[in-house]
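# Structural overview for review
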Amino acid sequence: MGLFNFITNEFIEVIDWVDETNDTVIYKFPDKGNKIKNGAQLTVRESQVAVLMNEGEFGDVYIPGRHELTTANMPVITTLKSWKYLFNSPFKVDVYFISTRQFTNLKWGTSNPVIMRDPQLQQVRLRSFGTYTIRVVDPKKFITQFAGTNSLVRIEDVSEQLRNTIISKLSEGLAETGVSVFDLASKYTEIGDKLKPVFQAEFDTWGIEIGKFYIENVTLPDEVEKMLDKTTELNMMGGQLNQFNQMQGGIALEKMAANPGAASTAGIGAGVLLTNLMQPQNNAAAAPVAEDKQKMLDMLKQLSDLKTAGVLTEDEFNKKKAEILAKL
């Protein structure tokens, strides 16, 4: 190799980055200590931005397209280097490529329970996980926060910091949505949309935009899940219980009709009692009875009389007794 070839080869004439990965966010062009030739061709592909830096200071930013690096096309670098006149000599700057593509299917999750303020339960511990998407919208901020002296930054290096931010703000964000834990499962999409602005306020400091935020699952403490299961069971049984009460009242009336002695023992009050028992538990007319402890005690006594007279079986008496005692 002749001296002329050696001198020619030390100047960089073409600068570009062909991203053959799907997880690289920052790529520093490897100049290997060589200078960039005045008039060198810089190619920026779609979903990329190129940033020139001079001794740690930000220079010019280039969007997708082909650019000729001359003093006329590098106003910021020209100022930083104090090029007062037309400059034709090779120069030294750092060239960073930043991927602006959408990075998808990034994972987030709580390794430990977070405390959520709940409008009904006051506060509750929960675990949750899901996915989110991001893209870089401010290359300068992003380089400042994540590049440092690194010549290559991958999305996994960035997502760890973002994931920690999501978890730290999750409790606050859920409280701001005003949604109870009882409604979380049916409103994952709605809640995700409401949480995005909370996270975006933090992501702005890094020049990142959060695209989508998905909640895939929320796990409640065992005691809360058992309570939810019990509530569901009671709701399902509510209609059946009212039908059972009405049926039992009909049976009791039949027994009284077939046993005049029982009727005289129980008296007219038994008929009133059975009428009350046949009403649905949530009937407004039964509310005063449910709230009046003395009346419920009287009902217990009348139930005992019906059992003694043979109108109610032991099991029937115990079930009704348990219902009344639960209200006292």
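What counts, and at which threshold
Residues numbered from 1 in each chain as written. Predicted model: local features only at pLDDT ≥ 70, side-chain atom pairs only at ≥ 80, totals over all residues. Heavy atoms only, no water. Pairing = 2+ DSSP bridges. Helix = DSSP H or I, 4+ residues; strand = E, 2+ residues; numbered from the N terminus. Axes fitted to C-alpha atoms, helices over the stretch in contact; angles between N-to-C directions. Contact = heavy atoms within 4.5 Å. Buried < 20%, exposed > 50% of the residue type's maximum accessible area, 1.4 Å probe, protein only. Core = buried A, V, L, I, M, F, W, Y, C linked by side-chain atoms within 4.5 Å. Phe/Tyr/Trp six-rings, centres within 6.5 Å; stacked < 30°, edge-to-face > 60°.

### Some details on the pairing of strand β5 (residues 57–62)
As paired elements, strand β4 (residues 48–54) and β5 share 4 bridges and run antiparallel to each other. Along β5, the bridge assignment pairs Val51 with Val61.

### Focus on the sheet that holds β5
Strand pairing in a sheet relies on backbone hydrogen bonds, with the paired strands running either antiparallel or parallel. Strand order in the open sheet formed by 5 strands is β5-β4-β7-β2-β11, and the pairing between neighbours is antiparallel. On the outer flanks of this sheet lie β5 and β11 (152–154), each paired with one strand and no other. Averaged over all pairs of adjacent strands, the angle between strand axes in this sheet comes to 20°, irrespective of strand direction. Sheet analysis places strand β2 (residues 24–28) next to β11, joined by 3 bridges and oriented antiparallel. Pairing of Ile26 across the sheet is with Val153, part of β11. Along the sheet face, helix α4 (residues 155–177) touches β2 and β11 and points at about 55° away from the line of β11.

### A few points about unusual backbone geometry
Although it is not a glycine, Glu55 adopts a positive phi angle of roughly 50°. With respect to the element layout, Glu55 can be found in the loop between β4 and β5. Positioned with a positive phi, Ser82 is a non-glycine residue whose angle comes to about 60°. Take Ser82: it is sitting in the loop between α2 (75–80) and β7 (94–99).

### Here's the deal with the environment of Glu46
Along the chain, the position of Glu46 falls in the loop between β3 (35–44) and β4. You can call Glu46 exposed: its relative accessible area is 65%. Linking Glu46 and Ile63, residues 17 residues apart in sequence, is a C-alpha distance of 8.4 Å.

### With respect to the nonpolar core
Ranked by internal contacts, the top residues of the largest apolar core, which has 43 residues, are Leu126, Tyr132, Ile134, Phe142, Ile208 and Phe213. Considering every element that reaches this core, the biggest residue donor is α4, with 6 residues. With sequence-adjacent residues up to four places away left out, Ile208 is seen in contact with Ile134, Arg135, Val137, Phe142, Phe146, Val158, Leu162, Gln200 and Phe203. Of all hydrophobic cores here, the second largest spans 19 residues; its members include Phe29, Ile36, Leu42 and Met74.

### Looking at the sheet that holds β3
An order of β1-β3-β6 is seen for the 3 strands of this open sheet, with the pairing classed as mixed. Two strands lie at the open edges of the sheet, namely β1 (11–15) and β6 (65–69), each paired on one side alone. Across the sheet, the axes of successive neighbouring strands diverge by a mean angle of 10°, strand direction being ignored. For β3 and β6, the ladder comprises 5 bridges, and the chain directions are antiparallel. Residue Gln41 lies in a different strand from β6, and its bridge partner there is Glu68.

### Overview of the pairing of β2
One ladder, built from 3 bridges, connects β2 with β7; its direction is antiparallel. When the bridges of β7 are listed, Tyr27 appears paired with Phe97.

### Here we look at the packing of aromatic side chains
Scanning the entire structure with this criterion turns up 8 aromatic pairs. With 5.2 Å between their ring centres and 10° between their planes, Trp17 and Tyr27 make a pair best called stacked. Of this pair, Trp17 sits in the loop between β1 and β2 while Tyr27 is found in strand β2, placing the two residues 10 residues apart along the sequence. Assessed through its relative accessible area of 5%, Trp17 is described here as buried. For Tyr27, a relative accessible area of 22% gives the class partly exposed. For the ring pair Phe142 and Phe146, a centre distance of 5.0 Å and an interplane angle of 40° mean the geometry is tilted. Here Phe146 and Phe142 lie together in helix α3 (residues 139–146), a separation of 4 residues that amounts to about one turn. Looking at Phe146, the relative accessible area reads 14%, which means it is buried. Chaining the aromatic ring pairs together yields one cluster made of Phe142, Phe146, Phe203 and Trp206.

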